[in-house]
Amino acid sequence: MSTFQVALTADYNNPDGLPKVADLGLSVFDGQSQIKMRPFAEHSPQIGADQLAGANGVIVLTPAVTRETVSSADDLLAIGRFGVGYDNVDVAACTEANVLLFITAGAVDRPVAEAVVGWMIALTHHTRTKDRLVREGRWDDRSQYMGCELRDRTLGVVGLGGIARKLIELLASWGMNTPIAFDPFIDPAVAAKLGVRLVDLDELMGSSDFVSVHCPLTNGTRGLIGARELSLMKPGAYLINSARGGIVDEDALYAALQNGAIAGAALDCFATEPVIEPSRFREFDNVLLAPHSIAWTNEMFRDIGRAACQGMVELSHGREPRGMVNPEVLRSDAFQRKWRRVCE
């Protein structure tokens, strides 16, 4: 079997060259003698075409994949996105260049769902404020911050993919009401089997005690939750966004929080990242913030890495990987010729 070269973007390592996490799942390549792995020499916001020289596959953490990136992808079979979001990848350009894109479907479901449950509890129990009361010696102020439990509350998920389904599963024993979901792409029979009631977005925004965003960022979902949608929320409801920042209109959310229109929010992602200046949302005690890493755990990175690496192994053996975003590439004669040439 020919050598199948897999490149890793440089942002998996610290500036000193050492890995940022203990286990990236690279052990999947053990015993796969055809796989040769190399990291990029340097990190840049956009992957350059020169960085892909000789690579048959590349596992991408944060850099953008543009038309220029794949402009001379004669040997590149696939891009494996380290995660499930792919708004940093020009999918159309990849398809035109006969480059397959796959994501690590399922690998992030548990850690993200678990983090959202933690945020739900932290918000309703005023964890941030109560911590500050003790630090500032304001013990007697505690009665001003009565919380509420999750039981008898309604969860509404925007997008009923793997993460939302795992979240619903984790919350099944908490005594909450029947969960509701907005997802125009889900078969109602599938939702019913999951014990979820499908509703339109307006009903979800108005009926939920927790609105949790789990859809991808696309042209159709950008700005999906704006001022009108936020105005439909209950005054005691919370918005949680662990998907992508552009889905929620940040100006509208800021105004809603400033006016006390909703009870609070938790944000793991922002319209512009990285956030290198202190966020304006810092002024709210009822808002929890994270630098797009609330779900980062050693287990998550291990499992995502294993899934990405396994996808490359499958391709090196002439098999289809899981999580393909543009499977139509497989029907291209040019891709099939390239695949055979690489794997012979």
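Residues numbered from 1 in each chain as written. Predicted model: local features only at pLDDT ≥ 70, side-chain atom pairs only at ≥ 80, totals over all residues. Heavy atoms only, no water.

A. Region of the structure containing unusual backbone geometry. Cis rather than trans, the peptide bond between Glu273 and Pro274 has omega equal to 0 degrees. Looking at the element boundaries, Pro274 is found in the loop between β11 (264-267) and β12 (287-289). Backbone geometry places Asn98, a non-glycine residue, at a positive phi of 60 degrees. Structurally, the position occupied by Asn98 is in the loop between α1 (91-96) and β5 (100-103). With relative accessibility at 17%, the residue Asn98 sits in the buried group. Not every positive phi belongs to a glycine, and His126 is a case in point at roughly 55 degrees. (Helix = DSSP H or I, 4+ residues; strand = E, 2+ residues; numbered from the N terminus. Buried < 20%, exposed > 50% of the residue type's maximum accessible area, 1.4 Å probe, protein only.)

B. Inspection of the sheet that holds β12 at higher detail. Strand order across the open sheet formed by 7 strands is β8-β7-β6-β9-β10-β11-β12, with parallel pairing between neighbours. One side of each edge strand has no neighbouring strand; the edge strands of this open sheet are β8 (197-198) and β12. As judged from the 4 bridges shared by strand β9 (residues 210-213) and strand β10 (residues 238-241), these two strands associate in the parallel manner. Paired with Phe210 across the two strands is Tyr238, which belongs to β10. Across the face of the sheet, helix α2 (residues 109-124) comes into contact with β9, β10, β11 and β12 while running at roughly 150 degrees to β10. With respect to the sheet, helix α4 (residues 162-170) is in contact with β6 (155-158) and β9, its orientation differing from that of β6 by roughly 170 degrees. (Pairing = 2+ DSSP bridges. Contact = heavy atoms within 4.5 Å. Axes fitted to C-alpha atoms, helices over the stretch in contact; angles between N-to-C directions.)

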